[in-house]
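The primary structure of each chain is shown beneath.
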Amino acid sequence: MCRLMVWVFLCFAVTGLYLSRLVLAGDVTCSGIVTMRQRSEVISITDFGGVGDGKTLNTKAFRAAIYQIQHLSRRGGTMLYIPPGVYLTESFNLTSHMTLYLSKDAVIRATQAGYGIDAFNGILMANGNERVHFLLNICSSQDTDSWPLIDPLPSYGRGRELPGGRYMSFIHADGVHDVIITGENGTIDGQGEVWWNMWRQRTLQFTRPNLIELINSRNIIISNVIFKDSPFWNIHPVYCRNVVVRFVTILAPFDSPNTDGVDPDSSSNVCIEDSYISTGDDLVAIKSGWDEYGIAYGRPSSGITIRRITGSSPFAGIAVGSETSGGVQNVFAEHINLFNMGVGIHLKTNIGRGGVISNITVSNVYMEKVRLGIKIAGNVGDHPDNNYNTNALPVVKDVVIRDVWGLDVQRPGSIEGLKNSPFTGICLSKINLHGEIKPGTSPWKCSDVSGAAIGVSPWPCSELTSPGQTGSCSTFI
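Residues numbered from 1 in each chain as written. Predicted model: local features only at pLDDT ≥ 70, side-chain atom pairs only at ≥ 80, totals over all residues. Heavy atoms only, no water.

Here we take up the overall build of the protein. Along its length, the protein carries six helices and 27 strands. Put simply, of all contacts in the protein between residues at least 6 apart along the chain, 78% involve residues at least 24 apart. (Helix = DSSP H or I, 4+ residues; strand = E, 2+ residues; numbered from the N terminus. Contact = heavy atoms within 4.5 Å.)

Pasting the structure below:
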């Protein structure tokens, strides 16, 4: 009877929280592409020996619970409930037809690299032996042997940071469908500082793990969860379709390397809405593979909607690239609020990437304290190896940026295409970017670009304001 009551409460709580925010907001939403399902069964991590004391290793409990969900295959799926507490665990895999539900004050915390040392480390902390604790913490930061390795993504050909494989994401899924990660704003904590330090010290052997990665999956909802201190990218759906990321908070220090917020990668029908992101890299970055590997794999990102995002970062707010070799099409972003940014809107690619970036619309953006307002560039990003084709030139066309207001913007914009592949159909409308420009510096820098600008201040470069330039943009601005 008790379990039945808990099940009823949780089903109503999760659907009520999700739908009430939708109804109360009264805003346009893309989240309807995936249905928030009520599960027919609820199990708790404590049923499998989970202990939320922040010290006990719960890997076996998580894996056993998910194994049961997978093999019992209850009709309607199963919810794995995480009660309040701090649950330390190594990485684990999700399965289809499951909801991972984090209650208020629940934390799923990644072990730092090398749990065996960390466990002893915790014992020493409890005994107050700070000197030995410090020494062991140094050792644990170098021990990654216990973290699983997986193959590189075929569209990347190698790990994003280093040749070879890559460390598996903290929460991982491959080939699943009907998966929900939600709750009452509980926290998934990647404890990324150890990984960031290894990156800074150049002691990594393989590419750092993402916090959450879903591969070849569909019908995914991630909502009402806090993501904290990812070792690398935070939420990475790759080769996926029908993905909703909504009402999430993503946090990492400004100086944390490569801690992108949400990176849809060679994925379609992705909805990212109503979230706050403050990290050390791009808030949202749309990708589709890396140079010759991405060209060969040939899977674009398309149908990406980004709406009502607020955040800050030393890098970009809304980004496309730089890994765009499979192509990026049909992106719509609106109602974006950016503070203390490196770049507000950044489309980036490079020689050797290939791929077509087209039909990109960004509108209703407010930015404040930004180094560079708008940047569209054909010379950004590194290469996986020296085998990329220098004749594989990217195509950038039909980009609309409109209704942008900025304060304390050091430089309004830079749009630099490629000599042998100029950017075309770049359409700017109703853009006002205010700030003190350094003496002797032009507010806009442009080359190898064509399009039009209407109602833009400061007045942009001549490539976008010459008579007769509005033709390709007449339907957009």
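Structure's up, so let's keep going.
Quick look at the nonpolar core now. Counting residues in each nonpolar core, the largest one holds 90 residues, and the members touching the most others are Leu80, Ile188, Phe227, Ile306, Ile376, Ile426 and Leu428. With sequence-adjacent residues up to four places away left out, Ile376 is seen in contact with Leu347, Val396, Val399, Ile401, Ser414, Ile415, Glu416, Phe423 and Ile426. Within the second largest apolar cluster, eight residues are counted, among which are Leu153, Tyr156, Ile215 and Trp233. (Core = buried A, V, L, I, M, F, W, Y, C linked by side-chain atoms within 4.5 Å. Buried < 20%, exposed > 50% of the residue type's maximum accessible area, 1.4 Å probe, protein only.)

Let us look at the pattern of salt bridges. In the structure shown here, the tally under the stated rule is 21 salt bridges. Arg166 is the salt-bridge partner of Glu213, the closest N and O atoms lying 3.0 Å from each other. Linking Glu213 in strand β13 (residues 212-215) with Arg166 in strand β9 (residues 166-167), this pair joins segments that are 47 residues apart in sequence. Under the relative-accessibility criterion, Glu213 is labelled buried at 0%. Overall, Arg166 belongs to the buried group, its relative accessible area being 7%. Residue Arg246 pairs with Glu273 through a salt bridge whose shortest N-O separation is 2.9 Å. With Arg246 in strand β17 (residues 241-246) and Glu273 in strand β19 (residues 268-278), this pair connects stretches of sequence that are 27 residues apart. Exposure remark for Arg246: the relative accessible area of 0% places this residue in the buried category. (Salt bridge = Lys/Arg side-chain N within 4 Å of Asp/Glu carboxyl O.)

What follows deals with the environment of Asp398. Considering the arrangement of structural elements, one finds Asp398 in strand β24 (residues 395-416). Here the alpha-carbon distance between Asp398 and Thr424, two residues 26 residues apart in the chain, equals 6.6 Å. The residues touching Asp398, leaving out its near neighbours within four places in the chain, are Ser358, Asn359, Ile360, Thr424 and Gly425.

Looking now at the confidence of the model for the protein. The predicted model of the protein averages 90 in pLDDT, with 86% of residues at 70 or higher. Confidence, read as mean pLDDT per element, is least for helix α4 (residues 130-142) in the protein (38) and greatest for strand β16 (residues 235-238) (99). Overall, residues 1-9 carries pLDDT values under 50, and its contacts beyond four positions in sequence, including any with other chains, amount to seven contacts. The model gives residues 11-25 a pLDDT under 50, and that stretch makes 27 contacts with residues more than four places away or in other chains. (pLDDT = per-residue confidence, 0-100.)

Per the stated rule, a full pass over the model turns up two disulfides. A sulfur-sulfur separation of 2.0 Å characterises the disulfide bridge that pairs Cys30 with Cys271. The disulfide joining Cys30 to Cys271 has a torsion of about 80° about its S-S bond and is therefore right-handed. Of this pair, Cys30 sits in the loop between α1 (2-25) and β1 (41-44) while Cys271 sits in strand β19, and the two are 241 residues apart along the sequence. The class for Cys30 is buried, based on a relative accessible area of 13%. Cys271 sits in the buried class, given a relative accessible area of 1%. (Disulfide = S-S within 2.5 Å.)

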